[in-house]
Amino acid sequence: MPVIDYKCPNCGSGMVFDGRTGALTCQGCGRQDNIEGIPDPLEQVSAEDQRREYQCNSCGAAIMADAVTTATVCSFCGSAAVLGDRLTGELAPAKVLPFLISKEEAMVAFRKWCRNGLLTPDGFMTADRIKGITGVYVPFWLYELHNRVEVHGHATKVRTYTRGDYQYTETQHYAVYRKLRLNYVNLPIDASEKMNDELMDKLEPFPYERMKGFKSPYLAGYIADKYSYDEQALLPRAKEKIRSYIESSISSAVTGYTSVSFTDKQIDTTMKQADYCLIPVWMVKYDYNRSEYVFAMNGQTGKVVGKPPISKAKVAAWFAGVSGATFLSLKVISWMMGGGFL
Ligand SMILES: [Zn+2]
Ligand SMILES: [Zn+2]
């Protein structure tokens, strides 16, 4: 059976992963099972069994899944459905960062983010939209990159002093050579085609010390995708991401000069390791007036990114109401600019 669901041994109801208790939890009787302690049903699934169509184990309905889905929820009966054949072999995640923030907490944060509708267009914050909050495990590669850096350059020290009636400027010239070993661990790169890279970068940092070895019950009740790009395909992006850290390490290794110019920089990067990981994100995605807006929340730390639509009419009305109170107006402007929406 390539579709895995998690039935309660007591009452037969569906079980889902509850981030607050960290346990696989029965929605019927409340039984809680520690995920580390139970055998993963994934161990009985073979990757050769890859399918295009899946059926819900509970109600028999066809499961709506696109080509990259690895975990979803049956749209008829609500059972968790984990597509086991897409999580084995080379598609087996090494690690998972489980959800810690609950759906209720994410819903409260979404309301707050919309300022309870104070400035968002009418009808934007409907109950439907709030219910549409989805817990998604986003596929990532976590890189360990080792770098051998060698730089050559030219530096000067300039000294000015006065002797008698004369002012002297003395310039000393130096040949600069530095050799650095710079190793970076836990460098995350989003491996999902569907996710906006910039948005995912903004959700960082993730507490990697809370990562667990992958077990499929962590996905029960959530949506998950497999990676769209492998670790080799994303290596250039990983190198690009550490570039600014390398540059600042080089700068701080060459100090005490008036000027420094580099003639040659050699950066030799080795990919020591790349782990396929799943990272928790609460999401609401929506179109409004032909623009796409995304609410995204780090499922471990609660950090929120994205920008809600703003109703110009409501902002104007609000301006009229608070004219004279300059600091409030300034605050509204900063919201409109999308800056301080916290
Ligand atoms: Zn039960
Ligand atoms: Zn079903």
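Residues numbered from 1 in each chain as written. Chains lettered and ligands numbered in written order. Predicted model: local features only at pLDDT ≥ 70, side-chain atom pairs only at ≥ 80, totals over all residues. Heavy atoms only, no water.

Peer 1: Would you mind going over helix α4 (residues 235-253) with me for this structure?
Peer 2: A turn of α-helix holds 3.6 residues, and therefore any two residues three or four places apart point the same way. Under the 1.5 Å per step criterion, the end-to-end length of α4 is 26 Å for 19 residues, consistent within 8% with the ideal 27 Å. Arg243 marks the point of greatest bend in α4, at about 35 degrees. Buried within α4 we find Leu235, Ala238, Lys241, Ile242, Ile246 and Ile250. (Helix = DSSP H or I, 4+ residues; strand = E, 2+ residues; numbered from the N terminus. Expected span 1.5 Å × (residues − 1). Bend = angle between axes of the 7 residues up to and from the residue. Buried < 20%, exposed > 50% of the residue type's maximum accessible area, 1.4 Å probe, protein only.)

Peer 1: I'm lost on the coordination of the zinc ion (ligand 1) in this one. Help?
Peer 2: Put simply, a metal with four donors set out as a tetrahedron has ideal angles of 109.5 degrees, and one with six donors set out as an octahedron has ideal angles of 90 or 180 degrees. Within the protein, the zinc ion (ligand 1) binds to Cys8 (SG), Cys11 (SG), Cys26 (SG) and Cys29 (SG); these donor distances fall in the range 2.3 Å. The site at the zinc ion (ligand 1) holds four donor atoms, and with the angles between them running 97 to 120 degrees, its shape is tetrahedral. Donor residues for the zinc ion (ligand 1), ordered by position in the chain, follow C-x2-C-x14-C-x2-C. (Donors = N, O, S within 2.8 Å, 3.2 Å for Na, K, Ca; no water. Tetrahedral: all angles 85-135°; square planar, octahedral: opposite > 155°, others 65-115°.)

Peer 1: Is there a simple way to explain the coordination of the zinc ion (ligand 2) in this structure?
Peer 2: Donor atoms from the polypeptide that coordinate the zinc ion (ligand 2) comprise Cys56 (SG), Cys59 (SG), Cys74 (SG) and Cys77 (SG), at 2.3 to 2.4 Å from the metal. Of note is the zinc ion (ligand 2), whose four donor atoms meet at the metal with angles of 105 to 115 degrees in an arrangement that counts as tetrahedral. Taken in sequence order, the residues that donate to the zinc ion (ligand 2) follow the motif C-x2-C-x14-C-x2-C. With Cys59 in the loop between β4 (32-34) and β5 (69-73) and Cys77 in the loop between β5 and β6 (80-83), this pair connects stretches of sequence that are 18 residues apart. Judged by its relative accessible area of 39%, Cys59 is partly exposed. The exposure class of Cys77 is partly exposed, given its relative accessible area of 36%.

Peer 1: Explain the environment of Glu36 here, please?
Peer 2: Relative to the assigned elements, Glu36 resides in the loop between β4 and β5. When its relative accessible area of 46% is taken as the criterion, Glu36 is described as partly exposed. When the C-alpha positions of Glu36 and Pro217 are compared, they lie 9.6 Å apart, and in sequence the two are 181 residues distant. The contact partners of Glu36, leaving out residues within four places of it in the chain, are Lys212, Lys215 and Tyr218. A distance of 2.5 Å separates the side chain of Glu36 from the side chain of Tyr218, its partner in a polar contact. (Contact = heavy atoms within 4.5 Å. Polar contact = N/O pair within 3.5 Å; in protein donor to acceptor, adjacent residues only side chain to side chain.)

Peer 1: Any chance you could explain the nonpolar core here in plain terms?
Peer 2: Where a protein is soluble and globular, its nonpolar side chains tend to be buried together. Counting residues in hydrophobic clusters, the biggest one holds 60 residues, and the most contacted among them are Phe110, Tyr137, Tyr143 and Leu219. In terms of domain composition, this core takes at least three residues from each of domain 1 (3-92) and domain 2 (132-209 + 226-309). Leu97, Val136, Ile279 and Val305 belong to the second-largest nonpolar core, a separate cluster that totals 19 residues. (Core = buried A, V, L, I, M, F, W, Y, C linked by side-chain atoms within 4.5 Å. Domains from an automatic or database assignment.)

Peer 1: Any chance you could explain the sheet that holds strand β2 (residues 15-18) here in plain terms?
Peer 2: In any sheet, the strands associate via hydrogen bonds between backbone groups, in a parallel or an antiparallel arrangement. Ordered in space as β2-β3-β4, the three strands form an open sheet in which the pairing is antiparallel. Strand pairing shows two members of the sheet lacking a second neighbour, β2 and β4, which therefore form its edges. Pairwise comparison of adjacent strand axes, ignoring direction, gives a mean angle of 30 degrees for this sheet. As paired strands, strand β3 (residues 23-26) and β4 are joined by three bridges and run antiparallel to one another. (Pairing = 2+ DSSP bridges. Axes fitted to C-alpha atoms, helices over the stretch in contact; angles between N-to-C directions.)

Peer 1: I'm lost on the pattern of salt bridges in this one. Help?
Peer 2: Side chains carrying opposite charge are able to pair once their charged atoms draw close together. Within the structure shown, the criterion is met by 14 salt bridges. Lys194 is the salt-bridge partner of Asp225, the closest N and O atoms lying 2.9 Å from each other. Of this pair, Asp225 sits in strand β11 (residues 223-225) while Lys194 sits in the loop between β9 (166-190) and α3 (197-202), and the two are 31 residues apart along the sequence. Between Asp201 and Arg237 there is a salt bridge, with its nearest N and O atoms 2.9 Å apart. Taken together, the positions of Asp201 in helix α3 and Arg237 in helix α4 put the pair 36 residues apart, joining distant regions of the chain. (Salt bridge = Lys/Arg side-chain N within 4 Å of Asp/Glu carboxyl O.)

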